[in-house]
Amino acid sequence: MVQTIMVIGAGQMGGGIAQVAAQAGYNVILNDIKDEFVQRGLGIIDKNLSRAVSKGKMEAAAKDAVLAKIKTSTSLDDAKDADLVVEAAIENMELKANIFKTLDVVCKPEAILATNTSSLPITQIAAVTKRPDKVIGMHFFNPVPVMKLLEIIRGFMTSDETYNTIAEIGLKMGKVNVEVKDSPGFGSNRILLPMINEAFFVLSEGLGTAEDIDNVMKFGMAHPMGPLALADLIGLDTCLNIMNVLYEGFKDSKYRPCPLLVKYVQSGLLGQKTGKGVYDYSK
Ligand code: 3HC
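Residues numbered from 1 in each chain as written. Predicted model: local features only at pLDDT ≥ 70, side-chain atom pairs only at ≥ 80, totals over all residues. Heavy atoms only, no water.

Draft legend 1. Looking closely at the side chain of Arg131. You can see Arg131 is positioned in the loop between α5 (122-126) and β6 (135-139). For Arg131, the side chain forms a polar contact with the main-chain oxygen of Cys107, separated by 3.2 Å. Other than its neighbours up to four places away in sequence, Arg131 contacts Leu103, Asp104, Cys107, Lys108, Pro109, Ala111 and Leu113. (Helix = DSSP H or I, 4+ residues; strand = E, 2+ residues; numbered from the N terminus. Polar contact = N/O pair within 3.5 Å; in protein donor to acceptor, adjacent residues only side chain to side chain. Contact = heavy atoms within 4.5 Å.)

See below:
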């Protein structure tokens, strides 16, 4: 039975996952390589919960109870106390492989090791451990406390028992689960990213302004935000990484990254997180 969840990475995604896990009643260990990163993640959670309190959607005491559920950590050794680890570190295969190798040694034999990767192969991550049946993808969506979807990705060796435990946790977190097999971009990003990439082609061909391209999807298709604004929210570097995974994975030119997207990334214009992407957030 899962009671304690460790979240590795206290950034945008990891912080959100820690918040929904604590709100679902789990004991949470929020881990990152430096305490200042963990404190920043905690600060965002505090802000999110305070906003809910000020809107009358949550009691102040409930906010305190959620925060009290979250312990902080800067050592992977703390994973020894976890029944489930959700890794939400940066998207780098070598880094993730090292984390999973360490977790495999530190964690209890029955602990489940999940990754929030947006595109790296679950089967390959699982293969660095001696428990590939207990490795699974838990793909959350940004902003995690708001977006209802949990895409659960089965690696080649993931057991039914592991899948069922994770599906139950997803429901407890208030998410709508979808189950997909391991494949480049999984289900969600295989559909979403080509749309975003195409929006960059449309922009680069001068067919319309960024605002007009976004308005096409906002007001024509009722998307909450347009694809270019969404790319800024996701991070243009992440978008490019995922396009490269699709392109290399399927060897199909329909997934070639738009050169304009590449130029934004090369220029360090990565979206909201750097204050500038397609749009300017610096003011
Ligand atoms: N963290 C927590 N809560 C947030 C938030 C954040 N970062 N941003 C907004 N919210 C909450 C607000 O507090 C508000 O809550 P309330 O309804 O309880 O009052 C609610 O969300 C709506 O927020 P706003 O009124 O400020 O703004 P909008 O109505 O414009 O919504 C949005 C903002 C939720 C971001 C909406 O535009 C949206 O849904 N956009 C699409 C996001 C999306 O597609 N995400 C998926 C990205 S893909 C991904 O993550 C996968 C990866 O692998 C690439």
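The structure having been displayed, the exposition proceeds.
Draft legend 2. Fine view of the site of the ligand. Surrounding the ligand, one finds 18 residues, the nearest of these being Lys55, Lys57, Ser118, His139 and Asn142. A distance of 2.6 Å is found between an oxygen atom of the ligand and a side-chain nitrogen or oxygen belonging to Lys57. Asn142 is positioned such that a nitrogen or oxygen atom in its backbone is 2.7 Å from a nitrogen atom of the ligand. Taken by itself the ligand offers 1000 Å² of open surface, and the protein chains cover 62% of this. Of all the secondary-structure elements, those providing two or more residues to the shell around the ligand are α2 (35-54), α7 (188-204) and α9 (227-234). Both domains that meet at the shell around the ligand, namely domain 1 (4-181) and domain 2 (193-273), each give it at least three residues. (Near = heavy atom within 4 Å. Areas by Shrake-Rupley, 256 points an atom, 1.4 Å probe, with all protein chains shown as cover. Domains from an automatic or database assignment.)

Draft legend 3. Representation of the layout of surface pockets in the model. Put simply, the second largest pocket is a space of about 400 Å³. Forming the boundary of the second largest pocket are 17 residues, of which Met1, Val2, Glu110, Ile112 and Thr165 lie nearest the centre. Considering every element that reaches the lining of the second largest pocket, the biggest residue donor is helix α6 (residues 160-172), with six residues. The residue makeup of the lining of the second largest pocket, split by class, is six nonpolar, three polar and eight charged. (1 Å grid on protein atoms, 1.4 Å probe; cavity = no way out; pocket = protein on both sides within 12 Å on 5 of 7 lines; lining within 4 Å. Points joined across faces, edges and corners; volume = space filled by probe spheres on them. Nonpolar A, V, L, I, M, F, W, Y, C, P; charged D, E, K, R; others polar.)

Draft legend 4. Structural context of the UniProt feature "domain: 3-hydroxyacyl-CoA dehydrogenase C-terminal" (unreviewed entry) in the protein. UniProt marks residues 185-281 with the feature "domain: 3-hydroxyacyl-CoA dehydrogenase C-terminal" (unreviewed entry), using the numbering shown here. Across residues 185-281, the secondary structure splits into 61% helix and 0% strand, with the terminal C-alpha atoms separated by 28 Å. (UniProt positions renumbered as here; feature names shortened; annotations may be inferred.)

Draft legend 5. Quick look at the pairing of strand β7 (residues 149-154). With five of six residues buried, β7 is to be regarded as a mostly interior element. Pairing analysis gives four bridges linking β6 to β7, with the strands arranged antiparallel. Bridge pairing in β7 links Gly137 to Ile153. When β7 meets strand β8 (residues 176-181), the two strands line up parallel, connected through six bridges. (Buried < 20%, exposed > 50% of the residue type's maximum accessible area, 1.4 Å probe, protein only. Pairing = 2+ DSSP bridges.)

Draft legend 6. Here's a closer look at unusual backbone geometry. Here the bond from Asn142 into Pro143 is cis, since omega is -5°, no more than 30 degrees from zero. Along the chain, Pro143 falls in the loop between β6 and β7. Here Phe186, not a glycine, exhibits a phi torsion of approximately 55°, which is positive. Secondary-structure assignment places Phe186 in the loop between β8 and α7. Taking relative accessible area as the criterion, Phe186 reaches 3% and is therefore assigned buried. For Ala222, which is not a glycine, the phi torsion comes out positive at approximately 55°.

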